[in-house]
Amino acid sequence: MSFAATEYAFAAPFQAPYIPPIRSLMPYAMRAGTISMAGGYPAQELFDVAGLSAASTQVLARLGACLQYSNIDGQASLRHELARLSAERGLRCDPDTELAVTGGSQQSLALLARVMLQKGDNAIIESPAFPNSVQAMLYTGANVHTVDSGPQGIDIDALDELAARVKPKMVCVVASFSNPCGATISRERRLRLLELAVKHRFLIVEDDPYGELRFSGEAVPPIAALADAEQRKWVVYISSMSKTMAPGLRIGWMVAPAEVRRRCVSAKAADDMACSAWIQEIVAQYLADGHYAHHVPRIRQAYGLRCDALADALARELPGRVTFSKPQGGMFFWARLTGDIDATRLLPYAIEKEVVYVPGKAFYADESKADAFAMRMSFATMNEEKIALGVKRLARALDACQANEPVSISLAA
């Protein structure tokens, strides 16, 4: 028996459920022979299977103790290891009152949105931005406003002006190697952002899944690491093991003021009760044994080579036809077509030539402000040879599109 959707009294945010445009590209990205620059996945061949297996073997020796419910805020062993890792990034915290383990950084953001926002409240996010981050705030019924972001990150002056008008309760940024732009906010701009948080009394949520993937340039501390005692009250830091260890672990964490953290833990109890104690203990053992410290430099080196390869290939195969800002870390290029063909029109030709990217408009909460000529290109999952071949295919696709050749791929608008 089935019913039409109109038979159900769905909550307002889910009456027309959001389906990320990226999801519709996955069947094409997964086709045999296709080179995908579309996904935000880390490189599977770089997973430290040996290190994780070694940590898992140690945990198996005490498996019985790992099969019970975890503490809602996370296993003590993992909280203390993550506090140590956070301190290495410049952010000292109390693992018992300021740090909580979550199911990836996406759950951290969703919990923060739930405890901070309700219908009629205002929040701000940089634009373009990761669509699921926008949705986490929209699902609360809050109004989500956007501030333009570019190669230097969020426009601080525009944020100041908008915050004065709408009085946001939260401002969400990816300060290091943002998705999709690959941008990094400078130390000076981070300090200004802290000043604005105190001035306008909004909570900065710094999402940092990519910060450890720096392969060139000078490291910039997390925003919270730059805060004085008063400013620290207005900053939450969230991060994840998905891009540095493996997304299948579903382990993230937040470092938040104690009262914010306490309410997020309460929200998590109503959500999933707790993350798997077994997986948490494996991650804690992996960190304690030094595997993480040994593994991350290996990823940085590989991604650095792949980033160079994509920059070289774009300059060689599409000179003058594509512009881009080369990131100093992370997983993404934000490129832009320079002619009269936009990224959506080109995409069916690219798919037919067996290369896939994501049109930039997918990352704009306000479609009226979307850059139709932008595209996000990930270099993480391909070696240098495949990257070079993928860009050659993209050049052929652009030639075919400019010649208005027939194309067999049909995509929904």
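The name an unreviewed UniProt entry assigns to the chain is 2-aminoadipate aminotransferase, from the organism Bordetella pseudohinzii. In the Cofactor (unreviewed entry) part of its UniProt record, the chain is described as follows: "pyridoxal 5'-phosphate".

Novice: What exactly am I supposed to notice about the packing of helix H12 (residues 343-352) against helix H13 (residues 384-402) here?
Specialist: For any two helices packed against each other, the geometry comes down to the angle between their axes and how far apart the axes lie. Relative to each other, H12 and H13 sit at 120°, their axes nearing to 8 Å. Between H12 and H13, the angle falls in the class oblique. Judged by the twist between their axes, the crossing of H12 over H13 is right-handed. Judged by residue contacts, Arg 345, Leu 346, Tyr 349 and Ala 350 of H12 engage Leu 394, Ala 397, Leu 398, Ala 400 and Cys 401 from H13. Of the residues in the contact of H12 with H13, the class split is eight nonpolar, no polar and one charged.

Novice: Sorry, what's going on with helix H4 (residues 104-116) here?
Specialist: Think of an α-helix as 3.6 residues a turn; residues three or four steps apart then line up on the same face. With 13 residues, H4 should cover 18 Å at 1.5 Å per step; its first-to-last C-alpha distance of 19 Å lies within 8% of that length. Those residues of H4 that fall on the buried side of the exposure criterion are Gly 104, Ser 105, Gln 107, Ser 108, Leu 109, Leu 111, Leu 112 and Ala 113.

Novice: What exactly am I supposed to notice about the sheet that holds strand S2 (residues 99-102) here?
Specialist: Pairing between sheet strands relies on hydrogen bonds along the backbone, with the strands arranged either parallel or antiparallel. In spatial order, the strands read S2-S9-S8-S7-S6-S3-S4-S5; together these eight strands make up an open sheet with mixed pairing. Looking at which strands have only one partner, the edges of the open sheet turn out to be S2 and strand S5 (153-154). Examined bridge by bridge, strand S6 (residues 170-173) and strand S7 (residues 203-208) share four bridges and lie parallel to one another. By the bridge assignment, Val 173 is partnered in S7 with Glu 206. Packed onto the sheet, H4 meets S2, S6, S7, strand S8 (235-240) and strand S9 (252-255) and runs at close to 150° relative to S8.

Procedures and definitions
The residue numbers shown here count from 1 along each chain, following its written sequence. Given that this is a predicted model, residues contribute local features only at a pLDDT of at least 70 and side-chain atom pairs are listed and counted only at 80 or more, while totals for whole chains, interfaces and linings are drawn from all residues. In computing side-chain properties, one takes all heavy atoms of the structure into account and sets aside hydrogens as well as water. UniProt positions are given in the numbering used here, feature names are shortened, and annotations may be inferred rather than shown by experiment. Every axis in this analysis is a line fitted to C-alpha atoms, fitted for helices over the stretch in contact. Angles between the N-to-C directions lie between 0 and 180 degrees. Put simply, DSSP H or I for four residues or longer makes a helix, DSSP E for two residues or longer makes a strand, and each gets a number counted from the N terminus. For classification purposes, an angle smaller than 35 degrees is called roughly parallel, one larger than 145 roughly antiparallel, one from 65 to 115 roughly perpendicular, and anything else oblique. Here a crossing is taken to be left-handed if its near helix is turned anticlockwise relative to the far helix by less than a right angle, and right-handed if that turn runs clockwise. The contact definition used throughout considers only heavy atoms, calling two residues in contact when any of these lie within 4.5 Å. Throughout this entry, Asp, Glu, Lys and Arg are counted as charged residues, while Ala, Val, Leu, Ile, Met, Phe, Trp, Tyr, Cys and Pro are counted as nonpolar. The remaining residues, Gly among them, count as polar. Expected span of a helix: the number of residues minus one, times 1.5 Å. Type-normalised accessible area, obtained with a 1.4 Å probe on protein chains alone, sets the label of each residue: buried when under 20%, exposed when over 50%, and partly exposed for intermediate values. Here, any two strands with at least 2 DSSP bridges between them count as paired.

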